[in-house]
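For reference, the chains in residue letters:
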Amino acid sequence: MANMSNDNLLLKEIKVGLQFYSDIIPVGRLATLDGYIFFEYEQEFIQSNLEISPFKLPLEPGLIRFNNSIFEGLAGVFNDSLPDGWGRLLFDRFMRNQSINPERLTPLDRLAHVGKTGLGALVYEPDYPLDIASEKELNLDQLFNHTQDILFGQTSEVIKELMTLNGSSAGARPKALIGLNVEKDQIIAGKDNLPNGFEHWLVKFSNSTDGFDAGAIEYVYGLMAKKAGLDMMPIHLFYSKHSAGFFATQRFDRQANKKWHMHSAGGLLHSNFRFPSLDYEDLISLTHALTQDVREVEKMYRLAIFNVMAHNRDDHAKNFSFLMDDKGEWKLSPAYDLTFSSGPRGHLSTMVLGEGQNPSLKHLFKLGEIAGLEKTKVKEIINQTETALQEWERLANEFGVSKPLIPLVRKSMLI
């Protein structure tokens, strides 16, 4: 990492670009003035018709300023580039180790740390990279031990390595961006461009509140989601000496070294996921408005059905994302972060037609009608999901989920 001392803190300006391939397309500039953050598009980019955030950051000339009450004054699309949870913990801990108070850092300072290696296709300059050998082989059990040291407050000499492996991934659970070979027996750091024969994957570790089987539960949910017809990236459960396994999934924002621009529903709508306020009706409308494609609307509806019936109540605004290619075409991203969760105070994070505690099949059928789907299609999706969820007990036993938890999860499902 470039020596980020107190002398080069508090950046006043940062450049934003898009990097789908090797070349960077200049997008605009972010700047701070009088406690506010301003953004201005490059004139040439306005002519490109690449809408990086069509609802909250339309392609218009002139300065744009957002309220400091949400995303610390950033537009949602740039806030999506910043890590939260585990990633923010790591970065703040690293800054303190450098005798820098993280409370002094502005969102622009944090974006400079993301630089050219964040999730999606947005890049930022100046860039403060971390100097970690990208082709170094990794041991997942060893990485897990290091994450536990950090979670329980111990100073770790490998915090720099954990930071670069986390990238800008979000969420409370520790994560590592890895490169994985086809045989799945060689793992290297995978935030940057990868050598031939490797693919971009993300692996998760348990946090301080997870059980030993958190990875296995998410893996089983992924298998059921695939059977339910959800669009999912390939998944894998790595062997672990410390748990029932580490859950991993191939990244959907990378194909070889091509990138997609990624934007969460929360960022698109300027909805803070920490204060749940969305309804699946909102997400259906958003999908239609952004993609203009009934097939993508059906994918969102199918995801809503799975989350509700499988009791995944951590279905907040950052757990739904959209992808834009270099032609400006949008689609719903593959589903992710699917697992058993009781949500905030036992409620869904995203309601179903105003119901957050006890949504019923009646709500789901009505949501399908609002989505514009035929009744036969709605019934088919619900039946397919129910059939997939019937596999829970068999798969949970096969992959080492805690015996007492298996009937609890089954009882919580809407089947």
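Conventions adopted
Residues numbered from 1 in each chain as written. Predicted model: local features only at pLDDT ≥ 70, side-chain atom pairs only at ≥ 80, totals over all residues. Heavy atoms only, no water. Salt bridge = Lys/Arg side-chain N within 4 Å of Asp/Glu carboxyl O. Helix = DSSP H or I, 4+ residues; strand = E, 2+ residues; numbered from the N terminus. Buried < 20%, exposed > 50% of the residue type's maximum accessible area, 1.4 Å probe, protein only. 1 Å grid on protein atoms, 1.4 Å probe; cavity = no way out; pocket = protein on both sides within 12 Å on 5 of 7 lines; lining within 4 Å. Points joined across faces, edges and corners; volume = space filled by probe spheres on them. Pairing = 2+ DSSP bridges. Axes fitted to C-alpha atoms, helices over the stretch in contact; angles between N-to-C directions. Phe/Tyr/Trp six-rings, centres within 6.5 Å; stacked < 30°, edge-to-face > 60°. Lys NZ or Arg CZ within 6 Å of the ring centre and 35° of its normal. Parallel < 35°, antiparallel > 145°, perpendicular 65-115°, else oblique. Contact = heavy atoms within 4.5 Å. Nonpolar A, V, L, I, M, F, W, Y, C, P; charged D, E, K, R; others polar. Expected span 1.5 Å × (residues − 1).

Colleague: Where do I start with the pattern of salt bridges in this structure?
Modeller: When the charged atoms of two side chains with opposite charge come close together, those side chains can pair. For the coordinates displayed, the defined rule picks out 22 salt bridges. Between Arg110 and Asp92 there is a salt bridge whose closest N-O contact spans 3.0 Å. Highlighted residues: Arg110 in helix 4 (residues 107-114) and Asp92 in helix 3 (residues 86-97), separated in sequence by 18 residues. Residue class for Arg110 comes out buried when judged on its relative accessible area of 8%. We classify Asp92 as buried; its relative accessible area is 11%. Between Asp231 and Lys299 there is a salt bridge; the shortest N-O distance is 4.0 Å. With Asp231 in the loop between helix 7 (214-227) and strand 9 (235-238) and Lys299 in helix 10 (residues 294-309), the pair connects residues that are 68 residues apart, well separated along the chain. Residue classification places Asp231 among the partly exposed positions, given a relative accessible area of 34%.

Colleague: For this particular structure, what's the right way to read empty space enclosed by the protein?
Modeller: Taking a probe equal in size to a water molecule and rolling it over the atoms shows the remaining empty space. In total, this model carries 7 cavities of 30 Å³ or more according to the counting rule given. Forming the walls of the largest cavity are 14 residues, and the residues nearest its centre are Asp231, Leu303, Leu332, Ser333 and Ala335. With 3 residues, helix 10 is the single largest residue contributor to the lining of the largest cavity. In terms of lining residues, the second largest cavity is bounded by 13 residues, among which Ser206, Gly215, Ser243, Gly245 and Phe246 are the most central. Elements with a minimum of two residues in the lining of the second largest cavity: helix 7 and strand 10 (246-250).

Colleague: Explanation requested: the sheet that holds strand 14 (residues 321-324) in the structure shown.
Modeller: In a beta sheet, neighbouring strands pair by backbone hydrogen bonds and run either parallel or antiparallel. On the basis of which strands lie adjacent, the open sheet formed by 3 strands has the order 13-14-15 and antiparallel pairing. Each of the sheet's edge strands pairs with one partner strand only, and the pair in question is strand 13 (261-264) and strand 15 (330-332). Within the sheet, the average angular offset between the axes of one strand and its neighbour, ignoring direction, is 30°. Here strand 13 pairs with strand 14 via 4 bridges, running antiparallel.

Colleague: Help me out: how do you make sense of the packing of aromatic side chains in this one?
Modeller: In this description, a pair of aromatic rings is defined by centroid distance and the angle of the planes. Considering all chains together, one arrives at 12 aromatic pairs under this definition. Relative to Phe45, the ring of Tyr41 lies with its centre 5.9 Å away and its plane at 15°, an arrangement referred to as stacked. Looking at Phe45, the relative accessible area reads 2%, which means it is buried. An aromatic cluster is built from Phe39, Tyr41, Phe45, Phe78 and Tyr124, whose rings are joined through pairwise contacts. A cation sits over an aromatic face here: Arg65 above Tyr36, 3.8 Å from the ring centre.

Colleague: When you look at the packing of helix 10 against helix 11 (residues 361-370) in this model, what are you seeing that I'm missing?
Modeller: The description of two helices packed together rests on the angle between their axes and the distance between the axes. At their nearest, the axes of helix 10 and helix 11 sit 11 Å apart, and the two run at 170° to each other. Here helix 10 lies roughly antiparallel to helix 11, going by the angle between them. Residues Tyr301, Ala304, Ile305, Val308 and Met309 of helix 10 form the contact with helix 11, whose participating residues are Leu364, Phe365, Leu367 and Gly368. Its residues assigned to classes, the contact of helix 10 with helix 11 shows 8 nonpolar, 1 polar and no charged.

Colleague: Would you mind going over the environment of Ala248 with me for this structure?
Modeller: Tracing the chain through its elements places Ala248 in strand 10. What makes Ala248 buried here is its relative accessible area of 0%. Each C-alpha atom, one on Ala248 and one on Tyr124, is 27 Å from the other, the two residues being 124 residues apart in sequence. Setting aside residues no more than four positions away along its own chain, Ala248 makes contact with Trp201, Leu202, Val203, Pro234, Ile235, His236 and Phe238.

Colleague: Is there a simple way to think about helix 7 in this case?
Modeller: Counting along an α-helix, one turn takes 3.6 residues, and residues three or four places apart therefore face a common direction. If you check helix 7, its first and last C-alpha atoms are 20 Å apart, about what 14 residues at 1.5 Å a residue would give, namely 20 Å. Summarising burial for helix 7: 11 of the 14 residues are buried, a large majority. Looking at the residues trailing helix 7, positive phi occurs at Gly229, about 90°.

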